[in-house]
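Residues per chain are reported as follows:
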Amino acid sequence: MERVTVPITGRSYDVVVGSGVLARAAEHLPELGSATRAFVVADRPVADAWLHPLSEALAARRIHAVLLVVPSGEEAKTLDVYATVLRQLASQEAHRDDLVVALGGGTTGDLAGFVASTYMRGVRLIQVPTTLTGQVDAAIGGKTAVNLPEGKNLAGTFHQPVAVLCDVDTLATLADRDLRSGLAEVAKYALTLDLELLGMLERDPAPLLQRDPAPLEVVVARCVRAKAATVAADELDLDRRMILNYGHTVGHALERSEGYAGRTHGEAIAVGMVFAARLAEARGLASTGVTARTTRLLKALGLETEGALPPVVDVLAALKMDKKFRDRNRFVLLQAVGRPLVVDDVTDEEVAAVLREMGAEA
Ligand code: GLY
(Lines give C-alpha, C1' and ligand atoms only; values in the text may rest on other atoms or scores of the structure.)
Protein backbone atom coordinates (compact mmCIF):
# COMPACT_ATOMS: atom_id res chain seq x y z
CA MET A 1 0.00 0.00 0.00
CA GLU A 2 1.23 3.51 -0.79
CA ARG A 3 0.14 6.80 0.73
CA VAL A 4 0.76 9.98 -1.26
CA THR A 5 0.09 13.41 0.20
CA VAL A 6 -1.32 16.18 -1.99
CA PRO A 7 0.40 19.09 -0.22
CA ILE A 8 -1.94 22.04 -0.67
CA THR A 9 -1.57 24.65 2.06
CA GLY A 10 -4.40 24.32 4.57
CA ARG A 11 -6.09 21.56 2.58
CA SER A 12 -3.56 18.74 2.33
CA TYR A 13 -4.94 15.27 1.95
CA ASP A 14 -3.71 11.75 1.39
CA VAL A 15 -4.32 9.42 -1.52
CA VAL A 16 -4.10 5.79 -0.45
CA VAL A 17 -3.28 3.35 -3.26
CA GLY A 18 -3.24 -0.43 -3.04
CA SER A 19 -5.02 -3.74 -3.05
CA GLY A 20 -7.72 -4.21 -0.39
CA VAL A 21 -7.87 -0.48 0.42
CA LEU A 22 -11.69 -0.42 0.46
CA ALA A 23 -12.01 -3.31 2.89
CA ARG A 24 -9.66 -1.46 5.24
CA ALA A 25 -11.04 2.00 4.55
CA ALA A 26 -11.85 2.53 8.25
CA GLU A 27 -8.15 2.71 9.04
CA HIS A 28 -7.20 4.67 5.93
CA LEU A 29 -9.71 7.48 6.33
CA PRO A 30 -8.63 10.64 8.15
CA GLU A 31 -10.27 12.07 11.28
CA LEU A 32 -13.83 12.97 10.18
CA GLY A 33 -14.98 15.01 13.17
CA SER A 34 -18.69 14.96 13.88
CA ALA A 35 -19.86 13.42 10.58
CA THR A 36 -22.74 11.01 11.18
CA ARG A 37 -23.78 10.29 7.60
CA ALA A 38 -21.92 9.78 4.33
CA PHE A 39 -23.98 10.31 1.17
CA VAL A 40 -22.46 7.90 -1.29
CA VAL A 41 -23.00 8.94 -4.91
CA ALA A 42 -22.64 5.95 -7.24
CA ASP A 43 -24.20 4.37 -10.29
CA ARG A 44 -26.07 1.10 -9.79
CA PRO A 45 -23.40 -1.36 -11.03
CA VAL A 46 -20.65 0.27 -8.96
CA ALA A 47 -22.89 0.41 -5.89
CA ASP A 48 -23.73 -3.29 -6.29
CA ALA A 49 -20.04 -4.15 -6.49
CA TRP A 50 -18.43 -1.83 -3.91
CA LEU A 51 -20.95 -0.16 -1.60
CA HIS A 52 -20.92 -3.01 0.90
CA PRO A 53 -17.24 -2.88 1.96
CA LEU A 54 -17.35 0.91 1.98
CA SER A 55 -20.50 1.01 4.16
CA GLU A 56 -18.96 -1.49 6.60
CA ALA A 57 -15.82 0.61 6.86
CA LEU A 58 -17.82 3.78 7.44
CA ALA A 59 -19.97 1.98 10.03
CA ALA A 60 -16.77 1.03 11.88
CA ARG A 61 -16.18 4.79 12.13
CA ARG A 62 -19.81 5.32 13.29
CA ILE A 63 -20.84 6.90 10.02
CA HIS A 64 -23.99 5.71 8.31
CA ALA A 65 -23.77 5.35 4.51
CA VAL A 66 -26.75 6.59 2.48
CA LEU A 67 -26.70 5.63 -1.20
CA LEU A 68 -27.70 8.17 -3.85
CA VAL A 69 -27.91 6.40 -7.22
CA VAL A 70 -27.00 8.37 -10.33
CA PRO A 71 -26.85 7.38 -14.02
CA SER A 72 -23.67 5.83 -15.43
CA GLY A 73 -21.22 7.81 -17.55
CA GLU A 74 -21.69 11.31 -18.93
CA GLU A 75 -25.45 11.10 -18.31
CA ALA A 76 -24.65 11.76 -14.66
CA LYS A 77 -23.04 15.08 -15.46
CA THR A 78 -26.13 17.14 -16.25
CA LEU A 79 -27.66 20.09 -14.43
CA ASP A 80 -30.78 17.96 -13.91
CA VAL A 81 -28.94 15.15 -12.14
CA TYR A 82 -26.93 17.72 -10.17
CA ALA A 83 -30.16 19.40 -8.98
CA THR A 84 -31.71 16.03 -8.15
CA VAL A 85 -28.78 15.04 -5.93
CA LEU A 86 -28.76 18.43 -4.18
CA ARG A 87 -32.46 18.06 -3.49
CA GLN A 88 -31.97 14.53 -2.18
CA LEU A 89 -29.42 15.89 0.28
CA ALA A 90 -31.77 18.68 1.33
CA SER A 91 -34.81 16.42 1.70
CA GLN A 92 -32.76 14.05 3.87
CA GLU A 93 -31.58 17.01 5.95
CA ALA A 94 -27.92 16.47 5.26
CA HIS A 95 -25.94 18.96 7.32
CA ARG A 96 -22.58 20.58 6.91
CA ASP A 97 -20.70 18.01 9.00
CA ASP A 98 -21.92 15.17 6.81
CA LEU A 99 -19.85 13.80 3.96
CA VAL A 100 -20.32 13.27 0.27
CA VAL A 101 -18.51 10.22 -1.08
CA ALA A 102 -17.92 9.80 -4.81
CA LEU A 103 -17.79 6.06 -5.49
CA GLY A 104 -17.15 5.28 -9.15
CA GLY A 105 -15.51 6.63 -12.27
CA GLY A 106 -14.53 10.12 -13.29
CA THR A 107 -18.05 11.18 -14.20
CA THR A 108 -19.43 10.21 -10.79
CA GLY A 109 -16.50 11.99 -9.15
CA ASP A 110 -17.02 15.18 -11.16
CA LEU A 111 -20.73 15.28 -10.34
CA ALA A 112 -20.39 14.34 -6.66
CA GLY A 113 -17.56 16.84 -6.29
CA PHE A 114 -19.67 19.64 -7.72
CA VAL A 115 -22.52 18.68 -5.40
CA ALA A 116 -20.16 18.61 -2.39
CA SER A 117 -18.66 21.97 -3.28
CA THR A 118 -22.00 23.74 -3.53
CA TYR A 119 -24.38 22.04 -1.08
CA MET A 120 -24.63 24.45 1.87
CA ARG A 121 -21.63 26.28 0.34
CA GLY A 122 -19.49 23.21 0.64
CA VAL A 123 -19.30 19.93 2.54
CA ARG A 124 -16.42 17.50 2.80
CA LEU A 125 -15.80 15.11 -0.06
CA ILE A 126 -14.14 11.70 -0.16
CA GLN A 127 -13.18 10.34 -3.55
CA VAL A 128 -13.25 6.57 -4.04
CA PRO A 129 -12.40 6.11 -7.72
CA THR A 130 -13.08 2.68 -9.18
CA THR A 131 -11.68 3.24 -12.69
CA LEU A 132 -8.09 3.66 -13.78
CA THR A 133 -8.85 7.12 -15.17
CA GLY A 134 -10.32 8.12 -11.83
CA GLN A 135 -7.44 6.70 -9.80
CA VAL A 136 -4.62 8.23 -11.81
CA ASP A 137 -6.24 11.53 -12.66
CA ALA A 138 -9.85 12.58 -12.19
CA ALA A 139 -10.26 11.93 -8.46
CA ILE A 140 -7.16 13.91 -7.48
CA GLY A 141 -6.79 17.65 -7.62
CA GLY A 142 -10.27 18.92 -6.82
CA LYS A 143 -11.71 19.60 -10.27
CA THR A 144 -15.48 19.17 -10.29
CA ALA A 145 -17.93 19.78 -13.11
CA VAL A 146 -21.11 19.07 -14.95
CA ASN A 147 -21.66 19.53 -18.68
CA LEU A 148 -23.86 22.15 -20.31
CA PRO A 149 -25.60 21.61 -23.66
CA GLU A 150 -22.99 24.07 -25.02
CA GLY A 151 -20.00 22.01 -23.91
CA LYS A 152 -18.32 19.62 -21.54
CA ASN A 153 -17.32 20.62 -17.98
CA LEU A 154 -18.49 24.21 -18.44
CA ALA A 155 -19.97 24.50 -14.93
CA GLY A 156 -17.68 23.47 -12.11
CA THR A 157 -15.48 24.39 -9.18
CA PHE A 158 -12.22 23.50 -7.48
CA HIS A 159 -13.06 21.56 -4.32
CA GLN A 160 -10.31 19.39 -2.89
CA PRO A 161 -11.37 16.11 -1.29
CA VAL A 162 -10.37 15.27 2.29
CA ALA A 163 -9.20 11.81 1.22
CA VAL A 164 -8.87 9.66 -1.89
CA LEU A 165 -8.98 5.87 -1.67
CA CYS A 166 -7.70 4.03 -4.76
CA ASP A 167 -8.32 0.30 -4.44
CA VAL A 168 -6.63 -1.35 -7.43
CA ASP A 169 -8.81 -4.44 -6.91
CA THR A 170 -11.69 -2.46 -8.38
CA LEU A 171 -9.81 -2.42 -11.70
CA ALA A 172 -10.07 -6.21 -12.04
CA THR A 173 -13.63 -6.02 -13.32
CA LEU A 174 -13.25 -2.90 -15.44
CA ALA A 175 -14.30 -3.29 -19.09
CA ASP A 176 -11.24 -3.64 -21.36
CA ARG A 177 -12.12 -0.42 -23.13
CA ASP A 178 -12.22 1.49 -19.82
CA LEU A 179 -8.88 0.01 -18.76
CA ARG A 180 -7.30 1.10 -22.04
CA SER A 181 -8.82 4.56 -21.65
CA GLY A 182 -7.14 4.85 -18.27
CA LEU A 183 -3.87 3.67 -19.78
CA ALA A 184 -3.97 6.68 -22.10
CA GLU A 185 -3.82 8.92 -19.01
CA VAL A 186 -1.00 6.76 -17.65
CA ALA A 187 0.85 7.26 -20.96
CA LYS A 188 0.28 11.01 -20.58
CA TYR A 189 2.16 11.05 -17.24
CA ALA A 190 4.89 8.84 -18.66
CA LEU A 191 5.47 11.03 -21.73
CA THR A 192 5.31 14.37 -19.93
CA LEU A 193 6.51 13.91 -16.37
CA ASP A 194 7.86 10.49 -15.51
CA LEU A 195 10.56 8.97 -17.70
CA GLU A 196 11.05 6.06 -15.31
CA LEU A 197 7.39 5.18 -15.75
CA LEU A 198 7.85 5.53 -19.51
CA GLY A 199 10.71 3.04 -19.36
CA MET A 200 8.62 0.60 -17.30
CA LEU A 201 5.72 0.78 -19.74
CA GLU A 202 7.99 0.40 -22.76
CA ARG A 203 9.80 -2.60 -21.26
CA ASP A 204 6.73 -4.65 -20.41
CA PRO A 205 3.14 -3.42 -20.43
CA ALA A 206 1.72 -6.98 -20.22
CA PRO A 207 1.28 -7.18 -16.41
CA LEU A 208 -0.75 -3.98 -16.51
CA LEU A 209 -2.95 -5.22 -19.31
CA GLN A 210 -3.45 -8.43 -17.32
CA ARG A 211 -4.46 -6.26 -14.33
CA ASP A 212 -1.88 -7.71 -12.03
CA PRO A 213 -2.50 -5.77 -8.74
CA ALA A 214 1.19 -5.34 -7.82
CA PRO A 215 2.27 -3.47 -10.98
CA LEU A 216 -1.06 -1.65 -11.04
CA GLU A 217 -0.33 -0.34 -7.55
CA VAL A 218 3.14 0.80 -8.62
CA VAL A 219 1.85 2.54 -11.74
CA VAL A 220 -1.17 4.18 -10.09
CA ALA A 221 1.01 5.43 -7.23
CA ARG A 222 3.58 6.90 -9.67
CA CYS A 223 0.83 8.75 -11.56
CA VAL A 224 -0.70 9.96 -8.29
CA ARG A 225 2.69 11.30 -7.19
CA ALA A 226 3.11 13.16 -10.49
CA LYS A 227 -0.39 14.57 -10.24
CA ALA A 228 -0.03 15.52 -6.55
CA ALA A 229 3.15 17.49 -7.24
CA THR A 230 1.62 19.24 -10.24
CA VAL A 231 -1.58 20.17 -8.42
CA ALA A 232 0.39 21.40 -5.41
CA ALA A 233 2.40 23.67 -7.71
CA ASP A 234 -0.67 25.12 -9.44
CA GLU A 235 -3.95 24.18 -7.79
CA LEU A 236 -6.05 26.52 -9.94
CA ASP A 237 -4.73 25.42 -13.33
CA LEU A 238 -3.10 28.73 -14.23
CA ASP A 239 0.18 27.40 -15.64
CA ARG A 240 2.00 24.21 -14.54
CA ARG A 241 -1.18 22.14 -14.19
CA MET A 242 -1.98 22.70 -17.86
CA ILE A 243 0.67 20.06 -18.58
CA LEU A 244 -1.83 17.49 -17.34
CA ASN A 245 -3.86 18.43 -20.39
CA TYR A 246 -1.27 16.95 -22.75
CA GLY A 247 -3.16 15.46 -25.70
CA HIS A 248 -6.42 16.83 -24.34
CA THR A 249 -6.83 19.86 -26.62
CA VAL A 250 -7.39 17.82 -29.76
CA GLY A 251 -8.74 14.95 -27.61
CA HIS A 252 -11.56 17.13 -26.27
CA ALA A 253 -12.18 18.50 -29.77
CA LEU A 254 -12.57 14.94 -31.09
CA GLU A 255 -14.92 13.94 -28.30
CA ARG A 256 -16.97 17.06 -28.90
CA SER A 257 -17.15 16.74 -32.66
CA GLU A 258 -18.15 13.07 -32.25
CA GLY A 259 -21.00 14.17 -29.98
CA TYR A 260 -19.42 12.29 -27.02
CA ALA A 261 -20.71 9.11 -28.63
CA GLY A 262 -17.56 8.07 -30.50
CA ARG A 263 -14.15 7.62 -28.92
CA THR A 264 -13.90 7.44 -25.14
CA HIS A 265 -11.95 10.20 -23.40
CA GLY A 266 -8.83 8.04 -23.26
CA GLU A 267 -9.14 6.95 -26.89
CA ALA A 268 -9.51 10.59 -27.90
CA ILE A 269 -6.51 11.81 -25.91
CA ALA A 270 -4.40 8.98 -27.36
CA VAL A 271 -5.02 10.47 -30.81
CA GLY A 272 -4.51 13.92 -29.26
CA MET A 273 -1.06 12.89 -28.00
CA VAL A 274 -0.10 11.62 -31.45
CA PHE A 275 -1.31 14.93 -32.89
CA ALA A 276 0.70 16.89 -30.29
CA ALA A 277 3.85 14.88 -31.02
CA ARG A 278 3.46 15.43 -34.77
CA LEU A 279 2.86 19.15 -34.23
CA ALA A 280 5.94 19.43 -32.00
CA GLU A 281 8.01 17.75 -34.70
CA ALA A 282 6.45 19.84 -37.48
CA ARG A 283 7.42 23.04 -35.62
CA GLY A 284 10.95 21.78 -35.00
CA LEU A 285 10.31 21.93 -31.24
CA ALA A 286 10.85 18.21 -30.75
CA SER A 287 13.30 16.11 -32.66
CA THR A 288 11.94 13.41 -34.93
CA GLY A 289 11.32 10.23 -33.05
CA VAL A 290 8.88 11.61 -30.46
CA THR A 291 5.90 10.70 -32.62
CA ALA A 292 7.22 7.21 -33.33
CA ARG A 293 7.88 6.63 -29.63
CA THR A 294 4.44 7.93 -28.68
CA THR A 295 2.74 5.74 -31.26
CA ARG A 296 4.68 2.66 -30.22
CA LEU A 297 3.81 3.17 -26.56
CA LEU A 298 0.12 3.76 -27.19
CA LYS A 299 -0.15 0.73 -29.47
CA ALA A 300 1.57 -1.44 -26.87
CA LEU A 301 -1.09 -0.27 -24.39
CA GLY A 302 -3.83 -1.35 -26.79
CA LEU A 303 -4.78 2.13 -27.97
CA GLU A 304 -5.55 3.27 -31.52
CA THR A 305 -3.25 6.00 -32.74
CA GLU A 306 -5.04 6.80 -35.97
CA GLY A 307 -8.49 6.23 -37.47
CA ALA A 308 -11.24 8.43 -38.87
CA LEU A 309 -11.00 12.08 -37.88
CA PRO A 310 -13.73 14.70 -38.14
CA PRO A 311 -13.28 17.39 -40.83
CA VAL A 312 -10.63 19.99 -40.03
CA VAL A 313 -13.25 22.79 -39.72
CA ASP A 314 -15.11 20.85 -37.03
CA VAL A 315 -11.95 20.25 -35.02
CA LEU A 316 -10.92 23.93 -35.35
CA ALA A 317 -14.38 25.04 -34.19
CA ALA A 318 -14.21 22.67 -31.21
CA LEU A 319 -10.74 23.98 -30.27
CA LYS A 320 -12.22 27.43 -29.69
CA MET A 321 -14.32 25.99 -26.85
CA ASP A 322 -11.24 24.59 -25.10
CA LYS A 323 -10.78 26.14 -21.65
CA LYS A 324 -7.16 26.92 -22.52
CA PHE A 325 -8.16 28.94 -25.61
CA ARG A 326 -7.24 32.67 -25.24
CA ASP A 327 -7.73 34.23 -28.70
CA ARG A 328 -5.09 31.77 -29.82
CA ASN A 329 -4.78 28.00 -29.84
CA ARG A 330 -2.87 26.83 -26.80
CA PHE A 331 -1.22 23.44 -26.74
CA VAL A 332 0.97 21.47 -24.40
CA LEU A 333 3.81 20.19 -26.57
CA LEU A 334 6.93 18.17 -25.85
CA GLN A 335 10.42 19.49 -26.48
CA ALA A 336 11.38 15.88 -25.80
CA VAL A 337 9.80 13.15 -23.72
CA GLY A 338 9.69 14.39 -20.14
CA ARG A 339 10.05 18.06 -21.22
CA PRO A 340 6.57 19.58 -21.71
CA LEU A 341 5.94 23.21 -22.64
CA VAL A 342 2.78 25.31 -23.03
CA VAL A 343 2.78 26.94 -26.48
CA ASP A 344 0.27 29.62 -27.46
CA ASP A 345 1.24 30.68 -30.95
CA VAL A 346 -0.02 27.70 -32.93
CA THR A 347 -1.98 28.87 -35.96
CA ASP A 348 -5.10 27.24 -37.36
CA GLU A 349 -3.08 26.50 -40.52
CA GLU A 350 -0.51 24.51 -38.54
CA VAL A 351 -3.27 22.58 -36.80
CA ALA A 352 -5.00 21.93 -40.11
CA ALA A 353 -1.80 20.74 -41.78
CA VAL A 354 -1.13 18.13 -39.07
CA LEU A 355 -4.77 17.01 -39.07
CA ARG A 356 -4.64 16.58 -42.84
CA GLU A 357 -1.42 14.58 -42.53
CA MET A 358 -3.34 12.36 -40.10
CA GLY A 359 -6.06 11.84 -42.69
CA ALA A 360 -8.69 14.46 -41.81
CA GLU A 361 -10.68 16.03 -44.64
CA ALA A 362 -9.72 19.65 -45.35
N1 GLY B 1 -7.25 16.25 -15.50
C2 GLY B 1 -6.37 17.35 -15.51
C3 GLY B 1 -6.32 18.10 -14.22
O4 GLY B 1 -6.81 17.65 -13.21
O5 GLY B 1 -5.80 19.17 -14.20
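Residues numbered from 1 in each chain as written. Predicted model: local features only at pLDDT ≥ 70, side-chain atom pairs only at ≥ 80, totals over all residues. Heavy atoms only, no water.

Student: Can you lay out a nonpolar patch on the surface for me, pointing to particular residues and giving the numbers?
Tutor: Residues Phe 158, Leu 236 and Leu 238 make up a contiguous nonpolar surface patch of roughly 300 Å² in combined accessible area. Topologically, Leu 236 is positioned in the loop between helix H9 (213-233) and helix H10 (248-257). Overall, the relative accessible area of 45% leaves Leu 236 in the partly exposed class. (Patch = residues over 30% accessible without salt bridge, like charges linked within 9 Å, V, L, I, M, F, W, Y side chains within 5 Å. Areas by Shrake-Rupley, 256 points an atom, 1.4 Å probe, with all protein chains shown as cover. Salt bridge = Lys/Arg side-chain N within 4 Å of Asp/Glu carboxyl O. Helix = DSSP H or I, 4+ residues; strand = E, 2+ residues; numbered from the N terminus. Buried < 20%, exposed > 50% of the residue type's maximum accessible area, 1.4 Å probe, protein only.)

Student: An account of the nonpolar core is requested, with residue identities and associated values reported.
Tutor: Judged by nonpolar contacts, the single largest core of 78 residues is most densely connected at Val 15, Leu 132, Val 186, Phe 275 and Phe 331. Residues contacting Phe 331, with those up to four places away along its chain left out, are Thr 249, Val 250, Phe 275, Leu 279, Leu 319, Leu 341, Val 342, Val 343, Val 346 and Val 351. Leu 51, Leu 54, Leu 103 and Ala 163 belong to the second largest nonpolar core, which has 26 residues in total. (Core = buried A, V, L, I, M, F, W, Y, C linked by side-chain atoms within 4.5 Å. Contact = heavy atoms within 4.5 Å.)

Student: Tell me about helix H6 (residues 176-192), residues and numbers included.
Tutor: Between its first and last C-alpha, H6 extends 24 Å over 17 residues, near the 24 Å set by a 1.5 Å rise per residue. Counting buried residues in H6 gives 13 out of 17 residues, a clear majority hidden from the surface. (Expected span 1.5 Å × (residues − 1).)

Student: Can you tell me about the pairing of strand S7 (residues 143-148), naming the residues and giving the values?
Tutor: The pairing of S7 with strand S8 (residues 151-158) spans 5 bridges and is antiparallel. Bridged to Val 146 within S8 is Ala 155. (Pairing = 2+ DSSP bridges.)

Student: Quick one: what's the story with the environment of Val 274, residue by residue and with numbers?
Tutor: Mapped onto the fold, Val 274 is located in helix H11 (residues 265-282). With 19 residues separating them along the chain, Val 274 and Arg 293 place their C-alpha atoms 9.6 Å apart. Apart from residues lying up to four places away in sequence, Val 274 is in contact with Thr 291, Thr 294, Thr 295, Leu 298, Thr 305 and Met 358.

Student: Run through the site of the ligand, naming residues and quoting values.
Tutor: Residues in close proximity to the ligand include Asp 137, Lys 143, Lys 227, Arg 241 and Leu 244, which together make up its full environment. One of the side-chain N or O atoms of Lys 143 is found 2.9 Å from an oxygen atom in the ligand. Protein chains bury 89% of the 200 Å² of accessible surface belonging to the ligand in isolation. (Near = heavy atom within 4 Å. Polar contact = N/O pair within 3.5 Å; in protein donor to acceptor, adjacent residues only side chain to side chain.)

Student: Break down the pattern of salt bridges for me, with residues and values.
Tutor: Inspection of every chain in the model, using the stated rule, returns 23 salt bridges. With its nearest N and O atoms 3.6 Å apart, the salt bridge here joins Asp 48 to Arg 44. Of this pair, Asp 48 and Arg 44 are both found in helix H2 (residues 44-60), 4 residues apart, which corresponds to roughly one turn of the helix. Taking the shortest distance from any N to any O, the salt bridge between Asp 237 and Lys 143 comes out at 2.8 Å. With a gap of 94 residues between them, Asp 237 in the loop between H9 and H10 and Lys 143 in strand S7 connect regions that are remote in the sequence. Assessed through its relative accessible area of 33%, Lys 143 is described here as partly exposed. Look at the salt bridges and you will find they share partners, linking Asp 137, Glu 185, Lys 188 and Lys 227 into a network.

Student: Give a detailed account of the packing of aromatic side chains, specifying residues and quantitative values.
Tutor: Within the structure shown, the criterion is met by 2 aromatic pairs. Where Tyr 82 meets Phe 114, the ring centres are 4.4 Å apart and the plane angle is 20°; that geometry is what we call stacked. With Tyr 82 in helix H3 (residues 79-91) and Phe 114 in helix H4 (residues 106-118), this residue pair connects regions lying 32 residues apart in the sequence. For the pair shown, Tyr 82 and Phe 114 are each scored as buried. Aromatic pair Phe 275 and Phe 331: ring centres 5.6 Å apart, planes at 35°, arrangement tilted. In this pair, Phe 275 is assigned in helix H11 and Phe 331 in strand S10 (residues 329-336), connecting sequence segments 56 residues apart. Assigned by exposure class, Phe 275 and Phe 331 land together as buried. One Lys or Arg, Lys 188, reaches over the ring of Tyr 189 and ends 4.6 Å from the middle of that ring. (Phe/Tyr/Trp six-rings, centres within 6.5 Å; stacked < 30°, edge-to-face > 60°. Lys NZ or Arg CZ within 6 Å of the ring centre and 35° of its normal.)

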